[in-house]
Structure formats: C-alpha cells, structure tokens
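Here is how the chains run, residue by residue.
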Amino acid sequence: MAHPNLKYLRKGVLPHMFCPGCGCGQILNYFIYAIDELRLDVDKLVIIGGVGCMSRAPAYLNTNAIHGIHGRNLPFATGIKLANPELTVVILMGDGGCAAIGGNHLIQAARRNLDVTVIVDNNGSYAMTGGQVSPMTPIGATTTTTTRGNIERPFDLCKLVEVAGGTYISRWTTAHSGQLINSMKKAIKHKGFSFIEVIGQCPTQYGRYVLRLRDPVDNLKWLRENSVTLKQAEKMSEEKLREKFIVGDFVEKDLPTLEDLYVDLEKRARIN
Amino acid sequence: MKPREYERFIDFQFILGNHAIAEGAIAAGCRFFAGYPITPASEIAERMSERLPDVGGRFIQMEDELGSIYAVIGASLAGAKSMTATASAGYNYMQEGIGYAIATETPIVIVDVMRLRGAEQATHADIMQVRWGASGDHEMIVLAPSSVQELFDYTIEAFNLSEKYRNPVIVLSEMTLSLMREKIMIPDPDEIQKVNRTRPTVPPEELLPFEAGEDCVPPMASFGDGYRVLYTLNPHDKSGMITGDLDIYDALYERITGKIRRAIEDIVKYKTYFLDDADIAVIAYGSEARSALEAVKRARDEGIKAGLLKLITVWPFHDVLVKSIAEQVKKIIVPEMNIGKYYWEVKRVSECMAEVVSLPLNKGRMHSSSEILNGIKGVA
C-alpha cells in the first residue's frame, strides 16, 4: 500500500535529489505532515523555493510552486499575496538564500508583516555548491572558502527577524520532529509574518567537514545534544549559550498584516 | 468622499509622458504595480500608487529593483496584469528577473525610461540592453514610442502583446518623452481593445501547462485556479517538471523564442513616410523619428528623394521589412542618441544592397531636424 502522504508529491518525482540522511528530506516530510494535519486546501497553497538544496523541495510538492531563483522568494510572495490574499504562501529556503542574497527581502517582508510563512533550513553552509561559508557558519569553522577558519560572526536569524517585525518566530532542529510539525502548523495558521529557523544536518558538507560526523544519525544526536529550551537557557551563561541552539517559540503576536492594511487603504479610495 | 476630479479622464488631456504611461497601463487592465524610485521614471510609480486603489488594484514600493521585478512576476502568476517601471541603471538589476519571466513565460510589462549613465539626459544607450540583457536564450518585444500619445497607446499594446505571447514586453521611453507634456486623446475605456491571456479549459489532472498549440503559446492558469502549476527556471518538460533531458531543453527554447519570431508580422509596428520613390531612407525610432520626419520633409522641399521608416517595435528586428527597403533605396541613414548601435542591425540585413550610414549623437539630446537633414545631404 502506498504511503497516504504520497498524494502531496508530484507523480514521478521520487527518488528526490537530497543526499542520504539530509535534513531537507526530513523538513519536507514534516511539512507534509503539517499541511495534512491542518487539512489545508493545496489548490490554494503556493510554495516558493529558489536555488539550493532546501529550495528544491517545492518542485516535489503537488501544489502551486515557484522554483529556480536564488533569494528572491519574498518579492515573489509579496506580489502573489497582494494580487490574491486568499492564497496561503509558504517559502522553503536555505540559510544562503535567506540570510545572504535574500537578506534585505527577508527583513523588508518581516517589516511589512506580510502574511506568509518562511521555513529556513539552516545547515550552516552552501551545501549544493560544495560547502562554502554562509552567514550562518560559526566562527572558526573550516569550509571550502574558509580553509583557515571562518573569521566572521554568524547571524542570529530569529533575533534579526524579530527586530525587523516578524510576528511568529520559532527555532527547532530536524531532531525535534513533533515540536517542528506543531510549529509549522502554528506558523501557517498565524496571520502575519511567520518565521521558523530549522537547524538541519548536512552529512555531506557541514557534518562531514566541520563536525567530522559522517553518519546522519550522529549528526542528529549532535543537534539534539546541543539544543536547549528557552527555559533551560534562562539559567545558562552567555558564554555557554554561544555553543548551543536555543529552541522554542520566541515571538507570537497579532498585528495587522500588509494585506489587511491594504484593504483599509482601499476603503479610503473610490472603487470604480 | 468626493470623487477626485481626475477620477475618470477620458477625452483630451494635457499630460506628462510618465503619467500617460500610467494611464495607458490602467486602461489596459493593469492591476498591480511594484517599483523602486529612480529618475526619470518615478512619476509612473507615483501616479500608479494614487490611481490603482481607485480601480481595485494594488501598488507597492519595493526595497529594490530586484524586489520589484519579482513582485510583478508573482502578481502575474497569481492572475493580475502587472507592470514595473525603471530607468537604465535600474533595468540592470531587473535583468535577472526578466530572464525568469521569459523562462516561465510570465506576461509582464517593464517600462525603461532611458537616461544617460549617471546623469538625467536623453539617450538611446539601452537599445541593446533591452534586447540582450537577460541570461539564457530569448526573444524580446520592445516598443519605442515617440510622443506622449504613443506612450499611452503603446503601453496598452505592450500589455496586449505580453498577454498574447506570454513574454515580457518593454516600453522603451526616453527622459525627454517621459518628462514632456503633450496633448493626448484618452479614449473611453470600453473602446480600448484589451487582450487577456488564454486560460486552460481542460480539467486540472489533464493539463500539461507548457504544451502549446500551433501558436506556440500555452494557455496559462493562475495560482489558486486548481491547476497546481510548477514554474521553474530550470529546463522543464510540458508538465513543468524539471528535466535533465537536453532534447527537451532544446525544444523548449525553440518554442519560447519561436513563438515571437513566427509572429513578427503581428508584433512589429512601424510607419513609413515618403518611401515609395525614395533613394535615401532614414530609419529611426523613439524621439529621433520626430526630427527625422521633419528632416525628410525638408529634404523633399529641396528636391532630395528621402523617406522615413519609423520603427515603433524595435525588437524583434524585422529583417524582411528592412531588407525590402535596402533593396529599393541607395542609402540608409540611422540617426541615434548613442554611439551608433541599432545601425549595426540595419547594416547586417542591408549589406550589399544599400550603403548604411550611422548618424550618432551621444550628447544627451536628440538630433535637430537640421542635423539629420545635413546627414541626408551628405549622402545625397
């Protein structure tokens, strides 16, 4: 018997192109569970990817989808949501597309409180192109473009989106299946700019060369061991926290969305 | 609330070129605009921000030109006729998105108000940028109006062509035209011919979204219609799925470029003046066509058999049309506000039939009719 969730994938797309043990496949799987549990109308769902590993996922989903441009996911989403606010828009992207080439688009869309959901797979590097340093690579990490160790500080993406104006913000790892599915459901249902940072393993690049962990299971164990909840983090020093991923919901608030405010503005215009 | 006095303006108007573009867009059914400020195109965004909410449309000022071009593509994929406007330097940034619109066959309109690099002066410097400035194989449709009335008329035409052929269409304006006021006639909206993209009629499970009929243009669904189309820059088959099959890639770009080439008679708009018995032809586009017409008339007064081909559609280049003129005349003069670039295109098809002379002026202003007349006399 075929898996019931296979209906969410386009026919003939398997096997996917993710490496064995890649976090992207898990995130795609969790996302399918989330939309299935929400009983979401996939005819009204638009998934926007780009270029990269995580950004390939929309090409597999049997929904309306955009693929093929690096980092411009949020401008696409802005046009789509203003043209048809009824659509549910979810963006799947990596840390390169989100924090580097699309960084300005990210903070501007958060500032506008555009009613979309952004799910970022943060695997700490540009994995598809061979494991180069990204804005999310920790200091000291050796990558193919930082062979003497990374000298740049990484972003705290959740804090960045918070100050920019995001209204639902949460972080989990691929080792937190239940929490992550719940968070995805909350994010999709939330009216406003929703942002989930998922720390995902890359056994091919980051795991293998930075962590020296080739086995995907060891990578997942490492993610779990290095995650602390918000509550645990309260009791920890800043120095100790630097090595950890704080997971949980950081922001949850209701503010008018760009689409709502546009409807208000139209009431002040004369509709022909 | 009191209706604004310019709520509906039909009939004669004395109007700014950039405002005529905005009015043309709204008349054509444009209901989404995204833009980023840049001189001398900003008045288009200003006018659209004011006018769109009145007609149930949406406007957004994006964070940059890249944001603008992708917002416009997104809105078009969601079903709205969409436009952005920029000037030469801003067009650079948009090239990336224009390539995406070509590959995904998304109808959009882009206004490029050409300006001198780093200065607010008139130029034709972008004539090649608008043709070639996108990655990947492509054909472009570019309209170069020569008056404020034509800015209005051909903005409507740009929307109609983009909807009909599922290709980006450029309205190539110039600083002089965009910031000039002229009297124009705006017809009743009901009298304006509007073309809308063809919609699929088959049930969703039967649709091959990139399968085209004889016209090579596939019907286009909107997001939310139930068709669940995947749009990708990557090589894709008729179902839209990414493929590594290079025969499919080859056939895809043969169709995407061929749909424009095969319809050249429908797409290319031009006007001819005094060409029937001409020995010397002037080939001009944009504002230069105005000086050129005056120059040709003055040449006739002096007994020189000169004529004018005014190209409104500058791309695709109509080889057959230009060749037919080259066969008939002895000399062709190509006046341009740049270092002389379109000249090479004319020369390419006229070789061995007529002598082609470039008449460039790269000083931030258009030729006077006397300057073009001198060019005509120089070869007469």
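Residues numbered from 1 in each chain as written. Chains lettered and ligands numbered in written order. Predicted model: local features only at pLDDT ≥ 70, side-chain atom pairs only at ≥ 80, totals over all residues.

Structural notes on the overall build of chain B
Link 1 in the chain: Broken down by element type, chain B carries 13 helices and 15 strands.
Link 2 in the chain: Whereas a compact globule of 380 residues would reach a radius of gyration of roughly 21 Å, chain B reaches 21 Å, a difference of no more than 12%.
Link 3 in the chain: Going through the 380 residues of chain B one by one, you find that 55% of them count as buried.
Link 4 in the chain: For chain B, contacts bridging at least 24 residues in sequence account for 77% of all contacts bridging at least 6. (Helix = DSSP H or I, 4+ residues; strand = E, 2+ residues; numbered from the N terminus. Rg over C-alpha atoms; globule rule 2.2 N^0.38 Å. Buried ≥ 20, exposed ≤ 12 C-beta atoms within 10 Å, placed from the backbone. Contact = placed C-beta atoms within 7 Å.)

Examining the nonpolar core
Link 1 in the chain: Counting 202 residues, the largest nonpolar core has A:I80, A:I91, A:I119, B:V282 and B:I332 as the members making the most contacts within it.
Link 2 in the chain: With 9 residues, the single largest contributor to this core is helix α6 (residues 148–165) of chain B.
Link 3 in the chain: The residue makeup of this core includes at least three contributed by each of domain 1 (9–267) and domain 2 (272–379) of chain B.
Link 4 in the chain: A:I80 has contacts with A:V46, A:L87, A:V89, B:G74, B:A75, B:L77, B:A78 and B:F223, leaving out every residue within four places of it along the chain. (Core = buried A, V, L, I, M, F, W, Y, C linked by C-beta atoms within 7 Å. Domains from an automatic or database assignment.)

Topic: the environment of B:R31
Link 1 in the chain: Topologically, B:R31 is positioned in the loop between α1 (17–28) and β2 (32–35).
Link 2 in the chain: Once you skip the residues sitting within four places of it in the chain, B:R31 turns out to touch B:L52, B:G56, B:G57, B:R58, B:A80 and B:K81.

Looking at the domain arrangement of chain B
Residue and element names in this part refer to chain B.
Link 1 in the chain: Partitioning chain B into structural domains gives domain 1 (9–267) and domain 2 (272–379).
Link 2 in the chain: For domain 1 versus domain 2, the separation of C-alpha centres amounts to 29 Å.
Link 3 in the chain: Per-element accounting of the side of domain 1 that touches domain 2 gives the leading share, 3 residues, to strand β6 (residues 141–143).
Link 4 in the chain: Here the side of domain 1 that touches domain 2 is composed, by residue class, of 19 nonpolar, 5 polar and 4 charged. (Nonpolar A, V, L, I, M, F, W, Y, C, P; charged D, E, K, R; others polar.)

Some remarks on the interface of chain A and chain B
Link 1 in the chain: Taken together, the contacts link 35 residues of chain A with 39 residues of chain B.
Link 2 in the chain: Secondary-structure elements contributing two or more residues to the side of chain A that touches chain B are β2 (64–67), α2 (73–83), α4 (103–112) and α11 (258–267) of chain A.
Link 3 in the chain: At 8 residues, the largest contribution of residues to the side of chain A that touches chain B is made by α2(A).
Link 4 in the chain: Here 3 bridges tie β2(A) to strand β9 (residues 230–232) of chain B, and the two strands are oriented parallel to one another. Its bridge partner lying in β9(B), A:A65 is registered against B:L230. (Pairing = 2+ DSSP bridges.)

Examining unusual backbone geometry
Link 1 in the chain: The amide bond that connects A:L14 to the next residue, A:P15, takes the cis arrangement and shows omega of 5°.
Link 2 in the chain: Assignment of secondary structure puts A:P15 in the segment before α1 (23–37).
Link 3 in the chain: Of the consecutive residues B:T39 and B:P40, the connecting peptide bond is found in the cis state with omega at 5°.
Link 4 in the chain: Tracing the backbone shows B:P40 in the loop between β2 and α2 (42–51).
Link 5 in the chain: Notably, A:R39 is not glycine yet its phi reads approximately 55°, a positive angle.
Link 6 in the chain: If you trace the backbone, A:R39 turns up in the loop between α1 and β1 (45–48).
Link 7 in the chain: A:R39 sits in the exposed class, given 6 other C-beta atoms within 10 Å.
Link 8 in the chain: Of note, B:C352 is a non-glycine position whose phi angle comes to about 75°, a positive value.
Link 9 in the chain: With respect to the helices and strands, the residue B:C352 is situated in the loop between α12 (342–350) and β15 (355–360).

Remarks on the environment of B:A45
Residues and elements named next belong to chain B.
Link 1 in the chain: Mapped onto the secondary structure, A45 falls in helix α2.
Link 2 in the chain: With 26 C-beta atoms packed within 10 Å, A45 lands in the buried category.
Link 3 in the chain: Taking C-alpha positions, A45 is 27 Å from S135, a pair spaced 90 residues apart along the chain.

A short note on the environment of B:Y70
Residue and element names in this part refer to chain B.
Link 1 in the chain: Following the sequence through the fold, Y70 ends up in helix α3 (residues 65–77).
Link 2 in the chain: Judged by local crowding, Y70 falls into the buried class, with 32 C-beta atoms found within 10 Å.
Link 3 in the chain: For Y70 and Q328, which are 258 residues apart along the polypeptide, the C-alpha to C-alpha distance reads 46 Å.

Looking at the sheet that holds strand β14 (residues 331–336) of chain B
Residue and element names in this part refer to chain B.
Link 1 in the chain: Strand order across the open sheet formed by 5 strands is β10-β12-β11-β14-β15, with mixed pairing between neighbours. Looking at strand neighbours, the two that pair on one side only are β10 (270–273) and β15, the edges of this open sheet. Ignoring strand direction, the axes of neighbouring strands in this sheet form an average angle of 20°.
Link 2 in the chain: Bridge analysis of β14 against β15 gives 6 bridges, and the strand direction is parallel. Looking across to β15, one finds that I332 is bridged to V356.
Link 3 in the chain: Helix α13 (residues 369–379) rests against β11 (280–285), β12 (306–311), β14 and β15 of the sheet, and its axis sits at about 155° to β14. (Axes fitted to C-alpha atoms, helices over the stretch in contact; angles between N-to-C directions.)

Here's the deal with the sheet that holds strand β8 (residues 194–199) of chain A
Link 1 in the chain: Read across the open sheet, the 9 strands follow the order β9(A)-β10(A)-β7(A)-β8(A)-β4(A)-β3(A)-β1(A)-β2(A)-β9(B); overall the sheet is mixed. The sheet terminates laterally at β9 (227–229) of chain A together with β9 of chain B, the two strands that pair on one side only. Taking each pair of neighbouring strands and ignoring which way they run, the sheet shows an average axis angle of 20°.
Link 2 in the chain: Pairing of β9(A) with strand β10 (residues 245–252) of chain A involves 3 bridges; the strand directions are parallel. When the bridges of β10(A) are listed, A:T229 appears paired with A:V247.
Link 3 in the chain: Of the strands in this sheet, β4 (117–122), β7 (168–173), β8 and β10 of chain A are in contact with helix α5 (residues 157–164) of chain A, which crosses β7(A) at around 175°.
Link 4 in the chain: The sheet strands contacting helix α6 (residues 177–189) of chain A are β3 (88–94), β4, β7, β8 and β10 of chain A, and the helix crosses β7(A) at an angle near 160°.

Examining α1(B)
Residue and element names in this part refer to chain B.
Link 1 in the chain: When the terminal C-alpha atoms of α1 are compared, their 16 Å separation across 12 residues agrees well with the 16 Å that a helix rising 1.5 Å per residue should span.
Link 2 in the chain: Of all 12 residues in α1, 12 are buried, a share of seventy percent or more.
Link 3 in the chain: Phi turns positive, to about 105°, at G29, one or two residues after α1. (Expected span 1.5 Å × (residues − 1).)

Quick word on the packing of α1(B) against α2(B)
Residue and element names in this part refer to chain B.
Link 1 in the chain: Interhelical geometry of α1 versus α2 gives an angle of 45° and a closest axis separation of 8 Å. The orientation of α1 relative to α2 falls into the category oblique. As α1 packs across α2, the resulting crossing turns out to be right-handed. For the pair α1 and α2, contact is made by N18, H19, I21, A22 and I26 and by E43, I44, R47, M48 and R51, respectively.
Link 2 in the chain: Classifying every residue of the contact of α1 with α2 by side-chain character gives 5 nonpolar, 2 polar and 3 charged. (Parallel < 35°, antiparallel > 145°, perpendicular 65-115°, else oblique. Left-handed = near helix turned anticlockwise from the far one by under 90°.)

Digging into the pairing of β4(A)
Residues and elements named next belong to chain A.
Link 1 in the chain: Among the 6 residues that make up β4, 6 are buried, leaving the element largely enclosed by the rest of the structure.
Link 2 in the chain: Residues T117, I119 and D121 of β4 are buried on one face, and the alternating residues V118, V120 and N122, pointing to the opposite face, are buried as well.
Link 3 in the chain: As paired elements, β4 and β8 share 6 bridges and run parallel to each other. Pairing of V118 across the sheet is with F195, part of β8.

A word on the pairing of β11(B)
All names here are of chain B.
Link 1 in the chain: Counting buried residues along β11, 6 of its 6 residues qualify, which places the element largely inside the surrounding structure.
Link 2 in the chain: The side-chain alternation of β11 yields two buried faces, one formed by I280, V282 and A284 and the other by A281, I283 and Y285.
Link 3 in the chain: Bridge count between β11 and β12: 6 bridges; the pairing is parallel. Among the inter-strand pairings, A281 is bridged to a residue of β12, identified as G307.
Link 4 in the chain: The parallel pair β11 and β12, bridged by helix α10 (residues 288–301), forms a crossover whose chirality is right-handed.
Link 5 in the chain: Sheet analysis places β11 next to β14, joined by 3 bridges and oriented parallel. (Right-handed = clockwise from strand over helix to strand, strands pointing away.)

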